[in-house]
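As a plain string of letters, each chain reads:
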Amino acid sequence: MARVLIIGCGGVASVAIHKCCQCSQVFEEICIASRTKSKCDALARQLKDKTATKITTAQVDADDQAQVEALIREYKPDLVMNIALPYQDLTIMEACLACKVNYMDTANYEPENTDDPAWRAAYEKRCKEQGFSAYFDYSYQW
């Protein structure tokens, strides 16, 4: 898998990033992006001597689709892992669709005012039609 853009740098994201860095043969390069770049920088410094994974950092507002798209186009990842807040899923998914990059969701977004998860199937279909993948973690239940 080579290059992965991980959006999120909170508690869950930090654990996931540590785990990814333990598999540097799969995760050769990671860009950690969050609204607060200093948190990303601190985590990158913490991991620097513990992994062969090349780690870079970036600032991004995951609520701003244009910013997410710009970062994707600049970094050119093979996969975007969304480990940000659940309500940011749709913005990040739209950016991935616009940039035609694979997407993995870990935040389990549920749209407001609906009990119908059909939105996932719609995104998965759009991704498949464009020739790339979107993965959603359906296992978490509120």
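See the structure shown above.
Only a predicted model underlies this, so the values are computations on that prediction, with no experimental measurement involved. (Residues numbered from 1 in each chain as written. Predicted model: local features only at pLDDT ≥ 70, side-chain atom pairs only at ≥ 80, totals over all residues. Heavy atoms only, no water.)

Caption draft 1: Up close: the overall build of the protein. Looking only at helices and strands, the protein features five helices and six strands. Listing each helix as α and each strand as β along the protein from the N terminus yields β-α-β-α-β-α-β-α-β-α-β. Expressed as a percentage of its 142 residues, the buried residues of the protein come to 46%. Within the protein, contacts between residues at least 6 apart in sequence are counted, and of these 66% link residues at least 24 apart. Total accessible area computed for the protein in this model is approximately 7700 Å², and 52% of it derives from carbon and sulfur atoms. (Helix = DSSP H or I, 4+ residues; strand = E, 2+ residues; numbered from the N terminus. Buried < 20%, exposed > 50% of the residue type's maximum accessible area, 1.4 Å probe, protein only. Contact = heavy atoms within 4.5 Å. Areas by Shrake-Rupley, 256 points an atom, 1.4 Å probe, with all protein chains shown as cover.)

Caption draft 2: Focus on the packing of aromatic side chains. Evaluated as defined, the whole model comprises zero aromatic pairs. It is Arg3 that lies over the ring of Tyr75; its NZ or CZ is 3.9 Å from the centre. (Phe/Tyr/Trp six-rings, centres within 6.5 Å; stacked < 30°, edge-to-face > 60°. Lys NZ or Arg CZ within 6 Å of the ring centre and 35° of its normal.)

Caption draft 3: The arrangement of the pairing of strand 5 (residues 102-105) in detail. Of the two faces of strand 5, only the one carrying Tyr103 and Asp105 is buried; Asn102 and Met104 on the other face are not. Handedness of the crossover is the feature at issue here: the chain leaves strand 4 (residues 79-82), passes through helix 4 (residues 89-99), returns alongside strand 5, and the resulting connection is right-handed. (Right-handed = clockwise from strand over helix to strand, strands pointing away.)

Caption draft 4: Region of the structure containing helix 1 (residues 11-21). Among the residues of helix 1, Ala13, Ser14, Ala16, Ile17, Cys20 and Cys21 are the ones counted as buried. Each buried residue of helix 1 lies within a common arc of 165° when the element is viewed along its axis, so the set occupies one face. For helix 1, exposure combined with an orientation more than 90 degrees from the buried face picks out Gly11, Val12, Val15 and Lys19. Those residues of helix 1 that are buried are in contact with strand 1 (3-7), strand 2 (29-34), helix 2 (37-47), strand 3 (54-59) and strand 4. (Arc of directions from axis to C-beta.)

Caption draft 5: Local environment of the pattern of salt bridges. Per the stated rule, a full pass over the model turns up six salt bridges. Two residues, Arg73 and Glu69, come together in a salt bridge whose shortest N-O distance is 3.1 Å. Here the residue Arg73 and the residue Glu69 both occupy positions in helix 3 (residues 65-75), the gap between them amounting to four residues, near one helical turn. A residue is classified by how much of its surface remains accessible, and Glu69, at 15% relative accessible area, is buried. For Lys125, the salt bridge is made with Glu129, and the minimal N-O distance between the two is 3.5 Å. Pair noted here: Lys125 and Glu129 are both in helix 5 (residues 118-130), with a separation of four residues, about one helical turn. (Salt bridge = Lys/Arg side-chain N within 4 Å of Asp/Glu carboxyl O.)

Caption draft 6: Main features of the environment of Leu97. With respect to the secondary-structure elements, Leu97 resides in helix 4. Linking Leu97 and Gln130, residues 33 residues apart in sequence, is a C-alpha distance of 8.0 Å. Contacts of Leu97, omitting those with residues within four sequence positions, involve Tyr123, Arg126, Cys127, Gln130 and Phe132.

Caption draft 7: Structural context of the packing of helix 1 against helix 2. One way to put it is that helix 1 packs onto helix 2 with a least axis distance of 11 Å and a crossing angle of 35°. Helix 1 and helix 2 meet at a crossing whose hand is right-handed. When helix 1 is examined against helix 2, the residues Ser14, Ile17, His18 and Cys21 are found in contact with a partner set consisting of Leu43, Gln46 and Leu47. For the contact of helix 1 with helix 2, the class distribution of residues is four nonpolar, three polar and no charged. (Axes fitted to C-alpha atoms, helices over the stretch in contact; angles between N-to-C directions. Left-handed = near helix turned anticlockwise from the far one by under 90°. Nonpolar A, V, L, I, M, F, W, Y, C, P; charged D, E, K, R; others polar.)

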